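# Residue-level structural notes
Next come the chains, spelled out residue by residue.
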Amino acid sequence: MNCIQILNKSQKELKKFNKKNVELDCEILLSNVLKVTRENLLINLNKKLEKKEKIFFFKYVERRKKKEPIAYIIGYKDFWKKRFYVNKKVLIPRPDTEVLVEEALKFIPSNKSQRIMDVGTGSGCILLSILLERKKCFGVGIDVSKEAIHIAKYNAKIQQLENRLKFFNANIDNICTGKYDFIVSNPPYINKNKIKYLEEDVRLFEPCLALDGGMHGTSVTEKLIRKSSKLLKKNGKMIIEIQSESVNRIKNMLIRNNFFINNISRDLSNKIRCIVSTNLG
Ligand code: GLN
C-alpha cells in the first residue's frame, strides 16, 4: 500500500465518524508516523509504507475516530512561532489565543526589562511566546496543575528560555510576594452548565479544570482581577482572554477593582477575545 491509497482508505473511514477536516487530519497523522513534513508527504504520495508504519497509522486513526484531538495524538501543537508539546493535562493552544500575545507585545516595550506573570500557564504557550519576542523580560508562570507545570517546563527547556523564567505549581491565592509589570492569563471561562454543549473533541479530552469558569464563566477571572490588583505594580497592565458574552461583566469587575480599560480586541472570527487594562493602584 502506498501513501495515496492509505490516505484514501483512512479518509473514507474517518468520514463516517468526523465531519470536519478529515483530509487534513489524515495527512497530519500520516506525516507524523512517517516522520516527514506534510509538504514532504504530499510530494511523495507514491511512497510505499512498511507494515509497522501502517499499523501505527491506523492506531492513530482509531483514536481520531473517538474524537481525540490531533494535537494529543501527535503530542504537539504549533502556536505563534514555536512548537508546543502537549498532553491531556493541558489545554491545546488555540490560534485565537495568539491575539493575547499580539496585544501583550503592543504594550510591552522591547528595550526594557519587565516582569511578567502568566496565571494558569498550561503548556506555557503565552508566556514563552512573549519571552521569545522580548529578550530583556523575565517571566513567572503558575498553574494549579502539577502536570501542566511539568509540560510548561519541558517547553521552556526545548525553547531555551529556562534562564528567563520560573514555573511554579501554585494557586494565585498563595502568591503573596512580587510586583509585576504585566499579568497575562487565559483563565477557564466557559459557563459550567455550557460545558456539556462543547464539541466532543474538547469536552471528552481537554482538561475540565482549564475550561470551567463557574456559573457565569467569570468566577476564576474575577479572582484573577482581585488578586492582580495587588500583584501588579501601579500602572502595571493585565492582559486576559475572555469569552465575548462576558465582556460587560468583566469590564465592570475591572472598573470596581480600580483598573482602567485600555483595549478590547477581537479574534480571527471577529469575536471579542482579549481585554487589556491598567492597574491604577
Ligand atoms: N477557547 C476555549 C474553548 O472555546 C476555552 C478556553 C478557556 O476556557 N480559557 O474551548
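Please refer to the structure placed before this passage.
Read on for an overview of the structure. As the structure is a prediction and not an experimental result, all values here were calculated from the model.

### Comments concerning the site of the ligand
- In the vicinity of the ligand, the residues found are L91, R94, N186, P187, P188, Y189, I190, A210 and L211.
- A distance of 2.8 Å is found between a nitrogen atom of the ligand and a side-chain nitrogen or oxygen belonging to N186.
- Note that a nitrogen atom of the ligand is positioned 2.7 Å from one of the backbone N or O atoms of P187.
- Across the complex, the protein chains shield 86% of the 300 Å² of accessible surface that the ligand would expose by itself.
- Within the shell around the ligand, the residues separate by chemical class into seven nonpolar, one polar and one charged.

### Regarding the packing of aromatic side chains
- One pass over the structure, following the stated rule, counts five aromatic pairs.
- Measuring from ring centre to ring centre gives 6.0 Å for F79 and F84, while their planes differ by 80 degrees; the resulting arrangement is edge-to-face.
- Taking the relative accessible area as the measure of exposure, F84 reaches 0% and is therefore buried.
- Between Y85 and Y154, the aromatic rings sit 5.6 Å apart at their centres with planes inclined by 80 degrees, giving edge-to-face as the arrangement. Of this pair, Y85 sits in strand β2 (residues 82-85) while Y154 is found in helix α8 (residues 146-158), placing the two residues 69 residues apart along the sequence.
- When its relative accessible area of 30% is taken as the criterion, Y85 is described as partly exposed.
- Members of the aromatic cluster, each reached through a chain of ring pairs, are Y76, Y85 and Y154.
- Cation over ring: R83 sits above Y76, and NZ or CZ is 3.9 Å from the ring centre.
- Between R115 and the ring centre of Y180, over which it is positioned, the NZ or CZ distance is 4.6 Å.

### Structural notes on unusual backbone geometry
- Positive phi is not limited to glycine here, since N21 has a value of about 55 degrees.
- If you trace the backbone, N21 turns up in the loop between α1 (3-15) and α2 (22-34).
- Phi at W80 takes a positive value of approximately 55 degrees, unusual for a residue other than glycine.
- Mapped onto the elements, W80 comes out in the loop between β1 (76-79) and β2.

Quick notes on the rules
- Residues numbered from 1 in each chain as written.
- Predicted model: local features only at pLDDT ≥ 70, side-chain atom pairs only at ≥ 80, totals over all residues.
- Heavy atoms only, no water.
- Near = heavy atom within 4 Å.
- Polar contact = N/O pair within 3.5 Å; in protein donor to acceptor, adjacent residues only side chain to side chain.
- Areas by Shrake-Rupley, 256 points an atom, 1.4 Å probe, with all protein chains shown as cover.
- Nonpolar A, V, L, I, M, F, W, Y, C, P; charged D, E, K, R; others polar.
- Phe/Tyr/Trp six-rings, centres within 6.5 Å; stacked < 30°, edge-to-face > 60°.
- Buried < 20%, exposed > 50% of the residue type's maximum accessible area, 1.4 Å probe, protein only.
- Helix = DSSP H or I, 4+ residues; strand = E, 2+ residues; numbered from the N terminus.
- Lys NZ or Arg CZ within 6 Å of the ring centre and 35° of its normal.

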